[in-house]
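Next come the chains, spelled out residue by residue.
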Amino acid sequence: MSDPTERTEPVERTPTERTEPVERTPTERTEPVERTPTERVETERVETERAETDLQGGPPEIPWRRLSARMLLIHPLRSLKELLPAVLPALIVGNTRSDGGNHWWNLGIGALVLLIAVITWATTRYRIADGRVQQRKGLLKRETLTVPIDRVRSVDLQASPLHRILGLSTARIGTGVAGGKPLVLDGLTSAEAATLRAELLVHRGSIQETEAAAAGAALEGGSAAGPSAGSTADGTTTHVTDGEPGGVPSAPGALSGTQGVPVAPEPEVLSRFDARWVRYAPLSTSGLLIALAIIGFAGQLSGQVLSDEIVAQVTSASVRYGVVALVAAAAAVAVVFVLVCAVVAYVLAYWGHTVTREGDRLHITRGLLTVRSTTLDLGRLRGVAMGESLLIRAARGASLKAVTTGIGGEGADQGVGSSSGSGLLPPAPRRDVHELATRLLGEDRLGVPLRSHGPAARRRRWSRALQAGVALILPSLVLVLWLGWSWWWVAPFAIPLLLAPGLAEDRWHNLGHAVLGRPGEPRQLVTRMGSLHRRTVALDADGIIGWTVRETFWQRRVGVATLVAATAAGSQHYDVVDVPTDRAWEIVTDELPLGLDQTRRG
């Protein structure tokens, strides 16, 4: 009688015995009579462990993980900043005491700050379990945040200079819910942050891809018998399942190793930062806003900093050189200061800006001191929005944002080069913006010719511009004619009225729309409007969930309307302003009907 192990070797079995699961069910393959004594003992041990696990209520609970202990060097500084309004009076009172016990005040406040930092770190934990990301924090008030992995829309990694020195990162996990609170994990190591992002954004997609690959392989291998029960002709592994003679071969290359880890696709660099982009920094408003904030803060301290001697020197200089020269010099210094602030802000925010595509993910990395990394799901991309302020447009520049579901909200892509998670390119050459949009969308939709909105829209642009100019100049005319003020008061207010015709013509030339694609194929809506800030949006018709045809009293008088495309992406609505009413209903009912009938307004 041969040894029992010989009956399990493929050379001892006929092809029919290897491929027909009807004759050998899973139960029959595990009967003790077909195994050696050692195999029977091992089988009994495994069954005993499974029974004990079922009695205990399932698999062991995944443990909670702490954030890096290096955060104990950052939390005290952050706690001190938050407690500064409360501890500052205590420090002042303690250090002005005359009994020599001021050091106890300092030690007490320092101990309080350290205690808060330790409690914050010790009570903050997180884990990934049961398809969810969970965070637990708080001592007296325990708070648990839970985000399902299938609801994750973005994972932003950010590292301040201190974080970078300590090798830490902050992960912001967004779900795309309007007004929702993101889950923030502050204190992950750089390696942990990268691994977490891969787990959240790649693991979900890899499961779907693996299932699709397995199903496709089953269809291909169902008509041909493999050479053996354990492998197919191309060498892929075959798993025998009930009712499937040949099993389901896994796709070659879909998995690597024994843990089923998906092979990451090769990243493709779509755009890289160019130092010449910095020339657009002075043309944006960021430098002016920063300069005004600094000047305002300096103005509050000027009363304490400026002495009588400095005031006397300024007065003497104004008498010696003249007030006009002094004001001109101050204006020149202010302009240089604003330009420097704009350039510094641009470099700090966008230096090293890189856009890479890795499979169905888009990664945007930027920042000089504080590095920020944003990941977008290309499957949720519904279009792009190009913004051009007046000065940047004159310099042939623009910025680009993604119209993505789950990221944005009202006015999400109104700004130019803002720091939102949907930003694709900061102010840069227009050709670079068009090139990136083309690589993302497959064609240059932002540069297509647009359909004009007709003479009625032009008249409305002129009437609005002239009305605004007249409204500004009327108060100055009242002061001059009734109160006898100098006519010089009219000059500043007359400037908008003089610029009104040019503004009206520019707004009309920038107004237009287009519907791309043929009937029966994927179609897109392109709309453009604005002058001081011109915005061009290319939106997929698949992303439009509803239409609104809005007509005001004045629009009805001239036969135009505003067509509003409702969407779950970006700003959540995109408008085609002052389009002829018949054309608006033609788009809604004929070109992009969305399953609507021919019924017009009631």
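Just so you know, the residues in each chain are numbered from 1, in the order the chain's sequence is written. In keeping with the predicted nature of the model, local features appear solely for residues at pLDDT of at least 70, side-chain atom pairs appear and are counted solely at 80 or more, and the whole-chain, interface and lining totals rest on all residues. Hydrogens are left out, water is left out, and the side-chain values use all remaining heavy atoms of the structure.

Caption draft 1: Here's a closer look at a nonpolar patch on the surface. Residues with no salt bridge and a relative accessible area higher than 30% make up the patches, which join like charges within 9 Å and nonpolar side chains (Val, Leu, Ile, Met, Phe, Trp, Tyr) within 5 Å. Note on areas: Shrake-Rupley with a 1.4 Å probe; residue coverage comes only from the protein chains shown. Any Lys or Arg side-chain nitrogen located within 4 Å of an Asp or Glu carboxyl oxygen qualifies as a salt bridge. A grouping of Leu288, Leu289, Ile290, Leu292, Ile294, Ile295 and Phe337 is seen on the molecular surface, where their side chains present a nonpolar patch of about 600 Å² in accessible area. Helix and strand assignments come from DSSP, with helices taken as H or I runs of at least 4 residues and strands as E runs of at least 2, each series counted from the N terminus. Among the elements that make up the nonpolar patch, the one with the highest residue count is helix 9 (residues 286-305) (six residues).

Caption draft 2: Layout of helix 15 (residues 490-509). How far a helix is expected to stretch is found by multiplying one less than its residue total by 1.5 Å. The end-to-end C-alpha distance of helix 15, which contains 20 residues, comes to 30 Å, matching closely the 28 Å that a straight helix rising 1.5 Å per residue would cover. Ala500 marks the point of greatest bend in helix 15, at about 40°, and the proline Pro501 comes within the next four residues. A contact between two residues is defined here by any heavy atoms of the two lying within 4.5 Å. Against helix 14 (454-483) lie the buried residues of helix 15. Given a residue, its bend is the angle between the two axes fitted to the seven residues that end at it and to the seven that start from it.

Caption draft 3: Quick look at the packing of helix 14 against helix 15. Whenever a helix is involved, its axis is fitted only over the stretch in contact; in every case the axis is a line through C-alpha atoms, and angles between N-to-C directions fall within 0 to 180 degrees. Where helix 14 contacts helix 15, the two axes come as close as 8 Å, and the packing angle between them is 175°. With respect to helix 15, the axis of helix 14 lies roughly antiparallel. Taken together, the residues of the contact of helix 14 with helix 15 break down into 18 nonpolar, three polar and five charged. For classification purposes, angles smaller than 35 degrees are called roughly parallel, those larger than 145 roughly antiparallel, those between 65 and 115 roughly perpendicular, and all remaining angles oblique. Gly is placed with the polar residues, together with every amino acid not listed as nonpolar (Ala, Val, Leu, Ile, Met, Phe, Trp, Tyr, Cys and Pro) or charged (Asp, Glu, Lys and Arg).

Caption draft 4: Representation of the pattern of salt bridges. On inspection of all chains with the given rule, the structure shows 19 salt bridges. With a shortest N-O distance of 3.9 Å, Arg380 and Asp377 are connected by a salt bridge. Summary of the burial criterion: residues with accessible area below 20% of their type's maximum are buried, those above 50% are exposed, and those between are partly exposed, where the area comes from a 1.4 Å probe applied to protein chains only. Relative accessible area serves as the criterion here: at 12%, Asp377 is assigned to the buried category. Of the charged contacts, one joins Glu586 and Arg583 as a salt bridge, the two residues approaching to 3.5 Å between their closest N and O atoms. Placement of both Glu586 and Arg583 in helix 17 (residues 581-591) is noted, with a separation of three residues, approximately one turn of the helix. Using a relative accessible area of 7% as the deciding quantity, one classes Arg583 as buried.

Caption draft 5: Up close: the sheet that holds strand 20 (residues 524-529). Strands pair, by our definition, only if DSSP identifies at least two bridges between them. Overall, antiparallel pairing links the six strands, which are arranged 18-17-16-21-20-19 in an open sheet. Each of the sheet's edge strands pairs with one partner strand only, and the pair in question is strand 18 (423-429) and strand 19 (512-516). Going across the sheet, the axis of each strand differs from the next one's by a mean of 15°, ignoring polarity. The sheet contact formed by strand 19 and strand 20 spans five bridges and is antiparallel. Its bridge partner being in strand 20, Gly512 is matched across the sheet by Arg528.

Caption draft 6: Main features of the confidence of the model for the protein chain. Per-residue confidence from the predictor is reported as pLDDT, which spans 0 to 100. Mean pLDDT over the protein chain stands at 75; residues scoring 70 or higher make up 68%. Segment residues 1-33: pLDDT under 50, and 28 contacts once partners within four positions in sequence are set aside and those in other chains are kept. Across residues 597-602 the pLDDT falls below 50, and counting only partners more than four positions away or on other chains, this stretch makes ten contacts in the model.

Caption draft 7: A look at the side chain of His75. Here His75 lies in helix 4 (residues 75-95). When neighbours within four sequence positions are excluded, His75 is seen to be in contact with Ala117, Thr120 and Trp121.

Caption draft 8: Structural context of helix 14. Given a rise of 1.5 Å per residue, 30 residues ought to cover 44 Å, and the 45 Å separating the end C-alpha atoms of helix 14 matches this to within 8%. Along helix 14, the sharpest change in direction is near 30° and occurs at Leu474; proline Pro475 comes one to four residues later. Restricting attention to buried positions, one finds in helix 14 the residues Ala456, Ala457, Arg460, Arg461, Ala465, Gly469, Ile473, Ser476 and Val480. If you follow the buried residues of helix 14, they end up packed against helix 15, helix 16 (553-558), strand 23 (560-567) and strand 24 (573-580). Positive phi shows up at Gly484, right after helix 14, with a value of about 75°.

Caption draft 9: Focus on the pairing of strand 19. Taking burial as the measure, the five residues of strand 19 include five buried ones, the bulk of the element. Burial along strand 19 is two-sided: the face carrying Gly512, Ala514 and Leu516 and the face carrying His513 and Val515 are both buried.

Caption draft 10: Layout of the packing of aromatic side chains. Ring geometry is summarised as follows: Phe, Tyr and Trp rings, the Trp one being its six-membered ring, pair when their centres sit within 6.5 Å, and such pairs are stacked at plane angles under 30 degrees, edge-to-face over 60 and tilted between the two. Applying the stated criterion across every chain, the model contains four aromatic pairs. Residues Phe273 and Trp277 carry aromatic rings whose centres are separated by 5.5 Å and whose planes lie at 70° to one another, so their mutual orientation is edge-to-face. Comparing Phe273 with Trp277 shows no difference in burial state: the two are buried. The exposure class of Phe273 is buried, given its relative accessible area of 13%.

Caption draft 11: Representation of the sheet that holds strand 22 (residues 544-550). Sheet architecture is open: three strands sit in the order 22-23-24, paired in antiparallel fashion. Of all the strands in the sheet, the pair left with one neighbour each is strand 22 and strand 24. Across the sheet, the mean angle from the axis of one strand to that of its neighbour is 20°, orientation sign disregarded. Of the strands in this sheet, strand 23 and strand 24 are in contact with helix 14, which crosses strand 24 at around 105°. Across the face of the sheet, helix 17 comes into contact with strand 22, strand 23 and strand 24 while running at roughly 135° to strand 24.

Caption draft 12: Fine view of the pairing of strand 14 (residues 361-366). For strand 14, the buried fraction is high: five of the six residues fall into the buried class. When strand 13 (residues 354-358) meets strand 14, the two strands line up antiparallel, connected through five bridges. Among the inter-strand pairings, Glu358 is bridged to a residue of strand 14, identified as Arg361. Where strand 13 hands over to strand 14, the hairpin turn is made up of two residues, of which Gly359 adopts a positive phi near 70°. Here strand 14 runs beside strand 15 (residues 371-377); their pairing, made up of six bridges, is antiparallel. Bridge pairing in strand 15 places Arg361 opposite Asp377.

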